[in-house]
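# Coordinate analysis (summary)
Spelled out, the chains give:
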Amino acid sequence: MRKDEYSGYLSYFIPDYAAEISRNFGFSQAEALAQAKREISDDLPDGPDTAGEVLLAITESALGSDVVIGYFWYRPNEASRSAFISDFYILPTYQGNGYGKSALATLEATLCEAGFEHIRLRVAADNGRAHHLYESGGFRTTGINMSKNIKRR
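Figured I'd write up the structure that's included with this text. (Residues numbered from 1 in each chain as written. Predicted model: local features only at pLDDT ≥ 70, side-chain atom pairs only at ≥ 80, totals over all residues. Heavy atoms only, no water.)

### Section: the packing of helix α3 (residues 99–113) against helix α4 (residues 128–136)
A pair of packed helices is captured by two measures, namely the crossing angle of their axes and the spacing between those axes. Following both chains from N to C, one finds α3 and α4 inclined at 50°, their axes separated by 10 Å at the closest point. In this view, α3 runs oblique relative to α4, as classed from their interaxial angle. Crossing handedness for the pair α3 and α4: right-handed. In this structure, α3 contributes G100, K101 and L104 to the contact, and α4 contributes L133, Y134 and S136. Residues belonging to the contact of α3 with α4 are distributed by class as follows: three nonpolar, two polar and one charged. (Axes fitted to C-alpha atoms, helices over the stretch in contact; angles between N-to-C directions. Helix = DSSP H or I, 4+ residues; strand = E, 2+ residues; numbered from the N terminus. Parallel < 35°, antiparallel > 145°, perpendicular 65-115°, else oblique. Left-handed = near helix turned anticlockwise from the far one by under 90°. Contact = heavy atoms within 4.5 Å. Nonpolar A, V, L, I, M, F, W, Y, C, P; charged D, E, K, R; others polar.)

Right, here's the structure in full:
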């Protein structure tokens, strides 16, 4: 991802992630937005140049090399020969056209060629579209995240 593409990524990611936080953890919209901003700042302090993180803008050559249709963010781990997908998104205009499957297959082939053996990810419980994409791509459920909000009494 080029630095000039990073602001477009944040424009999508922060509100989308805040909505996920609000839906899944019961935070207010304001709390969820603040949480999303804090997390992205902590996780990517140097934006697309953050060491140990890979951010990619997905483009479709038939549409032109500068047309971004989605994003990948993953963390490679050389020692375990695995990569953890932190975020994968195809912009709504391009969803339903096979771009997600193609992008996922391309990432898999690229990682395999580089000697990686596993791809891991977390998907929100309420994201049925993503569940379907990952399952059709050969991913299997390996656990379930659970959460409970508690408040000081």
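There's more to say after this.
### Some details on the packing of aromatic side chains
One pass over the structure, following the stated rule, counts 14 aromatic pairs. On the basis of an interplanar angle of 65° and a centroid distance of 5.5 Å, the ring pair of Y134 and F139 is categorised as edge-to-face. Residues Y134 and F139 agree in their burial class; the two are buried. Of the aromatic side chains, those joined through ring pairs into one cluster are Y6, Y9, Y12, F13, Y17, Y71, W73 and Y89. (Phe/Tyr/Trp six-rings, centres within 6.5 Å; stacked < 30°, edge-to-face > 60°. Buried < 20%, exposed > 50% of the residue type's maximum accessible area, 1.4 Å probe, protein only.)

### Brief notes about the nonpolar core
Counting 19 residues, the largest nonpolar core has I58, F72, I85, F88, L104 and Y134 as the members making the most contacts within it. In terms of residues, this core owes the most to one element, α3, which gives five residues. The contact partners of F72, leaving out residues within four places of it in the chain, are V54, L55, L56, I58, I85, D87, F88, A103, L104 and L107. Counting residues in hydrophobic clusters, the runner-up holds 17 residues, among them Y6, I21, A32 and Y89. (Core = buried A, V, L, I, M, F, W, Y, C linked by side-chain atoms within 4.5 Å.)

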